[in-house]
Amino acid sequence: MQLSKEPRELNREWLIVLSELGQGAFGIVYEASLSEPKAPEIQVAAKSLRKDAMDNEREELLEEALVMAQMEHANVVGLIGVITKGRPIYVVLEHMRNGSLKDYVMNKTCTPAQQVTWSRQVASGMAHIHSLGFIHRDLAARNVLLSASLTAKVADFGLARESTDDAYYRSRGGNVPVRWTAPEALEDNIFSEKSDVWAFGVLMYEVYTKAAMPYTGWNNQRVWIEVTNGFRLPCPADCPLPVFKIMSMCWLHDRHERPSFETLVKALAALETDSDMSSLFQS
Ligand code: ADP
C-alpha cells in the first residue's frame, strides 16, 4: 500500500486560529487563516485535539493525516499540512465553507441535479481512495463536506485503513456505524471496497430524504437483525426510479455483485447529463 507521501510540516507562526467550526469524536476543528511566505493568505480548517487527549488519540490524528497525505483528488478533502512541533498539534485541511452534506440536505432545498451530482462526486472521490488501496469504513453524509462552490468531498479518515491483500479488513471491534454497514461487515467483520459501496447506497438514501435517519424507528439491534435477514431501505418519496435502482445495487447481499465506484461514477454521470433530470421522473 502506498504510504509514501509524508504530510508537509507547516510553521506554527503561519497559522492564525479564528473560531471553532465543530467538534469531532476526539478533536476540535477551527477555522483559521494560513499565511505562508510568498503565498496568498488562505482560509483553512485546523483540526486539533482536546486538552485532555490521550497519546493514542494524538497518534490516530497523525495517522489520519498520513492517510490523507496520499490522496489528491477534487472530491477528497485536501490536506495542506501538519503542525507537529510543539503543542497543540494541528492537522491543516482545505476549508469546506458549506459544512457537511448531511446538514446541508437537512436544512436547504436541493435540486434533483444537485442530488445526482453530489452522488457522482462522492463516488468519484471514493474510486480514488480505493485506487490507492484504502477503504474508508465510515462513509456517510455526515462525513462528506461541501466547498464554497458546493462541490462534495469525502472527509474523515479516522477509521480508514489500508486494505489487505485479500482486499478486506477484519475489524478489531470498536464502534460500528450499524445503519451504514454491510451485512458481511456486521456479521463477520469483513470490511472491503464493497462495504464502502454499501455505505454509499445509504449515503444516497440520505441525500434523497433530507438526511432522514435510515431505518427510522428501529434501534441498532433491530436494524442489524432485519438487514442480515434481507430487509432493505425503501425508495424515498420523490426519488427517481433509475436513482433508486443504483442505490439498490449497492445493497446486494453478495458483495461481489455490488458495483465498483468506477461503475457507479459512470452510471451517475449518465443520469447527470440529463441536466434537468426531467426524463428521470417519467420512468
Ligand atoms: P467527526 O469526528 O465528528 O467525524 P471532525 O472532527 O472531522 O468530525 O469534524 C467535526 C466538525 O468540524 C464537522 O462536523 C464539520 O462541521 C467541521 N469540519 C471538519 N473538517 C472541516 C473542514 N475541512 N472544513 C470545514 N469544516 C470542517
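K.L.:
Can you help me understand the site of the ligand in this one?
P.N.:
Close to the ligand lie 15 residues, the nearest being A25, K47, E94, M96 and D156. Between E94 and the ligand, the recorded distance is 2.9 Å, taken from a backbone N or O atom to a nitrogen atom. Taking D156, its side chain carries an N or O atom lying 2.2 Å from an oxygen atom of the ligand. Taking 560 Å² as the accessible area of the ligand by itself, protein coverage stands at 79%. With 3 residues, strand β1 (residues 15–23) is the single largest residue contributor to the shell around the ligand. Here the shell around the ligand is built from residues that sort into 7 nonpolar, 5 polar and 3 charged. Both domain 1 (12–94) and domain 2 (101–277) contribute no fewer than three residues apiece to the shell around the ligand.

K.L.:
What's the story with the environment of A140 in this structure? I'm lost.
P.N.:
Within the secondary structure, A140 sits in the loop between β6 (134–135) and β7 (144–146). Under the relative-accessibility criterion, A140 is labelled buried at 0%. Along the primary structure A140 and A211 are separated by 71 residues, whereas in three dimensions their C-alpha atoms are 9.9 Å apart. Those residues within four positions of A140 in sequence are excluded, and the remaining contacts are W180, L203 and E206.

Definitions and limits used
The numbers attached to residues start from 1 for each chain and follow its sequence in the written order. Given that the model is predicted, a residue must reach a pLDDT of at least 70 before its local features are reported, and side-chain atom pairs must reach 80 or more before they are shown or counted; all residues, however, enter totals for whole chains, interfaces and linings. Excluded from the side-chain calculations are hydrogens and water; all other atoms, namely the structure's heavy atoms, are used. Whether a residue is near a molecule or strand is decided by its heavy atoms; if any one of them lies within 4 Å of it, the residue is near. Between N or O atoms, a polar contact is any pair within 3.5 Å; within protein, one atom must be a potential hydrogen donor and the other a potential acceptor, and residues adjacent in sequence are included only when both atoms are from side chains. With residues, only the protein chains shown are counted as cover, and all accessible areas are computed by Shrake-Rupley using a 1.4 Å probe. A run of H or I in DSSP becomes a helix once it reaches four residues, and a run of E becomes a strand once it reaches two; helices and strands are each numbered from the N terminus. Amino acids outside the nonpolar list (Ala, Val, Leu, Ile, Met, Phe, Trp, Tyr, Cys, Pro) and the charged list (Asp, Glu, Lys, Arg) are all regarded as polar, and Gly is one of them. Delimitation of the domains relies on an automatic or database domain assignment. Any residue under 20% of the maximum accessible area for its type is buried, any over 50% is exposed, and the rest in between are partly exposed; the area is computed with a 1.4 Å probe on protein chains only. Between two residues, a contact is recorded if the distance between any of their heavy atoms is within 4.5 Å.

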